[in-house]
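Examining the three-dimensional arrangement
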Amino acid sequence: MKAIRRFTVRPVLPEPLRPLSDLARNLRWSWHSETRELFKAVDPDGWAAAGRDPVRLLGAVSATRLAELAGDRPFLERLAGVAGGLDEYLRGSRWYQREKAQGAELPGAVAYFSPEFGVTAALPQYSGGLGILAGDHLKAASDLGVPLVGVGLLYRHGYFRQSLSRDGWQQEHYPVLDPNELPLSLLREEDGRPSRIALTLPGGRSLRACVWQARVGRVPLLLLDSDIEDNGPTEREVTDRLYGGGSEHRLLQEMLLGIGGVRAVRAYCRLSGHPEPEVFHTNEGHAGFQGLERIRELAETGLGFDTALEAVRGGTVFTTHTPVPAGIDRFDRGLVARHFGDDGELAGVSTEQVLSLGRETFHGGEPNLFNMAAMGLRLAQRANGVSTLHGAVSRQMFAGLWPGFDPQDVPITSVTNGVHAPTWVAPEIAALGQEITDVPDADLWAVRRTLREQLVHEVRDRLRASWHQRGAADAELGWIDGVLDPDVLTIGFARRVPSYKRLTLMLRDRERLTDLLLHPERPIQIVVAGKAHPADDGGKRLVQELVKFADDPRVRHRIVFLPDYGMAMAQRLYPGCDVWLNNPLRPLEACGTSGMKAALNGCLNLSVLDGWWDEWFEPDFGWAIPTADGSSADEDRRDTLEANALYALIEDRVAPRFYDRGDPAAAKGPKDAAALPGRWIEMVRRTMTTLGPKLLADRMVREYVERLYAPAAHAHRALDAPTARELADWKNQVRAAWPGVAVDHVEAVSAAGSAELGSTLALKVRVALGQLLPDDVEVQAVAGRVGADDTIADAQIFPLKPAGGPDQAGRWVYEGPLALDRTGPFGYTVRVLPTHPMLGAADLGLVALPTEATGEGAGVLMR
C-alpha cells in the first residue's frame, strides 16, 4: 500500500548541536564553503545522499551519530566558530552601512520582486537565467549589507525535472515539494497563527496565501503559497508550477506575486520590525501589479489616482530581461477587467485606470491585449536593460511608448548583469587566492586539469543515470567508462532551449563536427545540457536531434547531452569546461550570464557578440563568432554561414592554441614550460584577472544602489502628497496644452560666413507655447553627424534660452550657439520638450519638432 501523505520525522538536536539548525536554515551555507564542510563532517555519506542539503541531512542523521557529535569537543569548537562567523556576518557593518555612515543618501530598504529565485538547488524555485540572476542579486545584496527584501511565489512543484525517453524525447516530471522539508519557516502573527494574505476574486471568492521565509544571508526572501486549506481547489493550484497553466492561471499568479507580494512585505515589516521599503524593484513584468497595489494603498488615504501614480512611480525601478516582444506576458483585456473593479481587486482603483496602464497605445499594438511590460514601464520612473546592447535593444523595442522620440532618447538605461562569485567559483580556483598573476603556469594548468577530470567523472555518473531512466541495462553501458577524456579540449553549452539560442547550430554540418570531435591530434569533446519549455514541441525536437547525434556510437565518447540541467549540475559544468559556447541569434541574448560563471573559473568564451560579450569581449578572453546579420531575412543561410564560422574558429584557432605545447620532446617533466600550452594559460590568467572583476554581482548591485535605488529613494521622499499632487496637476496641464506647442521658425547665422570646423552657428528659434510658460519647457538644438537619410547620429544637445518676452502673437524667441566641432556631413534640428525638476526629458513622451514649412526646416547639412 502507498502512504496518503509523506513527511519526515526529524531527530531532536542535542543542546550542544542546536546551532546546526540555525546554520541549516540560513542559505548562506550555499555559498560559504566552511559551513558546507562542517555539515559534511556531520555525516560524510549522508551529506552526499542528502544532495548536499543541510536540512535534509539533519532530517536523516541518526540519533546515535548526533549523540556522538554532542560529545566531540573538536567538532563543537568548530561548530562554535562557524556559528559565530554567521552571527558576525549578519550583524556586522558592511559596504552599505559604511556608505550611509559617510553621508550617502540611500534607501532604508528595497523590495525586490521576481517570479523565480535560484538561490540553491535545495530550494528549486527557478527555471533559468532570470531566477539565477535574482538569486545572485539577493546574495550580493546580503554580502554588501543592502537592506533588501526578496518577494516571490513558492511553487509546490517548482519547475519540472527533465528526463529522456529511449528515443531522446524530453519528458517532464513534477515532484511535490513539502515546504517543511525545505530551508523555510512560516511567517507567523504575534499569537503564533500563520500570517495570511488575501486577494478578492470575482464572484465573491478569495485567493489566500501563507508566507514562507527563506534567509538568504542577511536578506529575507518571502514566498507566497496558495496551497492551503483556506482555499478552494482552483485557488490552491495557483502556485502549483512555475510558468505553468493557461492565461487566467498566469494572471492569478502575477496578481498574487504583485498585489499579494506588497501585502506580504507589509506584514513582514509589521511583525519583524524591518524598515518599510522606500524603493520597489520589479524584476521583469510578471510582478508589475505591485505598483497598482501601492496606488490602492495611497488611494485609501484620500489621494486621487493621478497623484498616487506619481508617488508610486518615483520609488519604482523596472528591469526588463527580454529582447523580443514574444517574451512579454500579455493578457486579454476582458480577462484583466474581470479581476479588477467593483467585483474584484483594488477597490478604489477603477477598471479603466488599471487597463490604461497596460494598453498597447503604440503603432502596431493590439488594443484588446494588456501588456505587462508596458504597465511596468508606466509605473516606474526608472527602467533598465541587463547589458549595454540589451539597453539599446529595449529602447528600440519599447520606443512606441514614447512617440516622437528617437530610440536613443527613450528613458531606459542599462545595468549589465553580474554573477555571485562565491556561489559559482570552484573551491580549487578560490584556493589559488586573489593574486592569480603570481600563480605559476604549471599550478594553474594543473588546477584546470583537475576540474576537467572532475567533470569527466560527473558526466559519466549522470550519463549512466540518464540511460538507466531511458531503460538501458548495465550490460549495455560499459562504453560509458570511456566517455570524455580529462586531457581533451572540453567545450560546454548549457541553457534553456528556445529557438533563438540555437542548440543545434553545432549540428549544421555533422561530418565537419564529427571530424572535429575525432581529430587524431587535436580532438574536442562537448558537454551539452538544457531544458525546453514543456509546451514547446519545437524546442523538444531540438533536444531530441542533439540527443540522437550524441547517441551515435561513433561520437558518443566525445559529445554528451545531460538531462535535468540545474544549479547542482552547473556548479560542476562551468569550472570543468575549457571553452564556453554561446551562439544565439544576435541581438536576442539579453545578457547570457552562464558565460560569466564559466569565465570566473578560467573558462574561455567562444560566443556571438551578443549580451555581455558584445560589451566586454577582448581577444585575450576568448573568441567572437562572426555573425551574418545582413542575412537575417534568410535564417537558413544565416545559420549556415555562422556555423561554418564556428567550425573554422575551433579548427584553426581554438584547438591549435589548446594543444600548442611548444616542444614536448624538450620537456623535463609535466610541469616544464615546454609541456604546457603557454599562450592558452595566459588567456586563462587574463580572463580571471582582467575580465573577472567586471562580471561580479557585487559590481552589479552597487550600480543598482548608486544609479537607480538611491535616486528612486530620493524621489520617493520628495514626492509627499502635496508634491505628488502638484506634479500630477502639472502633467495634466501640459498634456492638455501640448497641441498648442509648435516650432514656428528656425534660422542660423555663422560668424565665419561658412560652416567650418571650430566655427559657431548662432541659432534663433521662434516657438509657440500656447498656455504654457518657458518654465514648463526646454528648447534644444540637437546636432551631430548625419547619414544619407539625414538621420542624426552621435547627437549632442545644446540648450537654447529665451530672449525676452513673447511677441504679440504669443510666440517666444529662443537663442543659443551651436559649435561645429567635427568635419563631414553634419546636421541639426530643434525640439521642444516639457521640463520639470522631478522628471526626465522624455518622461511624458511629448515633443514638438519643426515642420518642413518652419524656415530652415529640420536642420541644415554641412560638409
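Let me sum up the structure you'll find in this document. (Residues numbered from 1 in each chain as written. Predicted model: local features only at pLDDT ≥ 70, side-chain atom pairs only at ≥ 80, totals over all residues. Heavy atoms only, no water.)

1. Focus on the overall build of the protein
Helix and strand counts for the protein stand at 28 helices and 27 strands. Whereas a compact globule of 863 residues would reach a radius of gyration of roughly 29 Å, the protein reaches 30 Å, a difference of no more than 12%. Dimensions of the protein along its principal axes, counting C-alpha atoms only, are 95 × 75 × 55 Å. Per-residue burial over the protein gives 55% buried out of 863 residues. Counting only contacts in the protein whose residues sit at least 6 apart along the sequence, the fraction spanning at least 24 positions is 72%. Taken as a whole, the protein presents about 34900 Å² of accessible surface, with 50% of it coming from carbon and sulfur. Each charge class in the protein was averaged separately, 96 positive and 114 negative side chains, and the resulting centres sit 3 Å apart. (Helix = DSSP H or I, 4+ residues; strand = E, 2+ residues; numbered from the N terminus. Rg over C-alpha atoms; globule rule 2.2 N^0.38 Å. Buried < 20%, exposed > 50% of the residue type's maximum accessible area, 1.4 Å probe, protein only. Contact = heavy atoms within 4.5 Å. Areas by Shrake-Rupley, 256 points an atom, 1.4 Å probe, with all protein chains shown as cover. Lys, Arg positive; Asp, Glu negative; His and termini not counted. Charge placed at Lys NZ, Arg CZ, Asp CG, Glu CD.)

2. Remarks on the pattern of salt bridges
Tallied over the full model, the rule gives 58 salt bridges. Note that Asp-87 and Arg-91 form a salt bridge whose closest N and O atoms lie 2.6 Å from each other. Within this pair, Asp-87 and its partner Arg-91 are both found in helix 6 (residues 73–91), separated by four residues, close to a single helical turn. Among the ionic pairs, Asp-191 bridges to Arg-193, the shortest N-O distance being 2.6 Å. (Salt bridge = Lys/Arg side-chain N within 4 Å of Asp/Glu carboxyl O.)

3. Considering the layout of surface pockets
Size it by volume and the second largest pocket reaches roughly 950 Å³. Lining the second largest pocket are 39 residues, with Trp-402, Ala-842, Asp-843, Leu-844 and Gly-845 positioned closest to its centre. Among the elements of the structure, helix 12 (305–314), helix 14 (351–358), helix 15 (372–378), strand 13 (382–385) and helix 28 (721–737) are those that each provide at least two residues to the lining of the second largest pocket. Per-element accounting of the lining of the second largest pocket gives the leading share, five residues, to helix 12. Looking at the lining of the second largest pocket residue by residue, the classes come out as 20 nonpolar, seven polar and twelve charged. (1 Å grid on protein atoms, 1.4 Å probe; cavity = no way out; pocket = protein on both sides within 12 Å on 5 of 7 lines; lining within 4 Å. Points joined across faces, edges and corners; volume = space filled by probe spheres on them. Nonpolar A, V, L, I, M, F, W, Y, C, P; charged D, E, K, R; others polar.)

4. Quick look at the environment of Asp-744
Note that Asp-744 resides in strand 21 (residues 742–750). Sequence separation between Asp-744 and Thr-504 is 240 residues; the distance between their C-alpha atoms is 58 Å.

5. A look at the nonpolar core
If you look at the biggest cluster of nonpolar residues, it comprises 57 residues, and the most contacted ones within it are Leu-489, Met-506, Ile-526, Leu-606, Trp-623 and Trp-680. Top contributing element to this core by residue count: helix 25 (residues 635–659), with nine residues. In terms of nonpolar packing, the next biggest core, distinct from the first, is built from 56 residues, Leu-130, Ala-209, Val-336 and Leu-357 among them. (Core = buried A, V, L, I, M, F, W, Y, C linked by side-chain atoms within 4.5 Å.)

6. A look at helix 8 (residues 129–144)
If you check helix 8, its first and last C-alpha atoms are 22 Å apart, about what 16 residues at 1.5 Å a residue would give, namely 22 Å. Burial of helix 8 is extensive: 15 of the 16 residues sit out of reach of the surface. Among the residues trailing helix 8, Gly-145 stands out with phi positive, at a value near 80°. (Expected span 1.5 Å × (residues − 1).)

7. Comments concerning the packing of helix 19 (residues 441–469) against helix 22 (residues 567–576)
Where helix 19 contacts helix 22, the axes come no closer than 8 Å and their chain directions differ by 140°. On the basis of their axis angle, the class for helix 19 and helix 22 is oblique. For the crossing formed where helix 19 meets helix 22, the hand is left-handed. Here Arg-448, Leu-451, Arg-452, Leu-455, Glu-458 and Arg-462 of helix 19 lie close against helix 22, whose contacting residues are Ala-568, Met-569, Arg-572, Leu-573, Pro-575 and Gly-576. Class assignment for the residues of the contact of helix 19 with helix 22 results in six nonpolar, one polar and five charged. (Axes fitted to C-alpha atoms, helices over the stretch in contact; angles between N-to-C directions. Parallel < 35°, antiparallel > 145°, perpendicular 65-115°, else oblique. Left-handed = near helix turned anticlockwise from the far one by under 90°.)

8. Some points on the pairing of strand 10 (residues 316–319)
Here strand 10 shows two buried faces, one formed by Thr-316 and Phe-318 and the other by Val-317 and Thr-319. With four bridges connecting them, strand 9 (residues 279–283) and strand 10 associate as parallel partners. The residue bridging Phe-280 from the neighbouring strand is Thr-316, located in strand 10. Pairing analysis gives three bridges linking strand 10 to strand 13, with the strands arranged parallel. When the sheet's bridge partners are listed, Val-317 is paired in strand 13 with Arg-382. (Pairing = 2+ DSSP bridges.)

9. Here's the deal with the sheet that holds strand 18 (residues 579–582)
Pairing is parallel across the open sheet formed by six strands, whose spatial order is 17-16-15-18-19-20. Edge positions in the sheet fall to strand 17 (559–562) and strand 20 (622–625), since each of these pairs with one other strand and no more. Taking each pair of neighbouring strands and ignoring which way they run, the sheet shows an average axis angle of 20°. Two elements, strand 16 (residues 524–529) and strand 17, share four bridges in a ladder whose sense is parallel. Bridge pairing links Ile-526 to Ile-559 in strand 17. The strands touched by helix 19 are strand 15 (489–494), strand 16 and strand 17; relative to strand 17, the strand with the most contacts, the crossing angle is about 65°.

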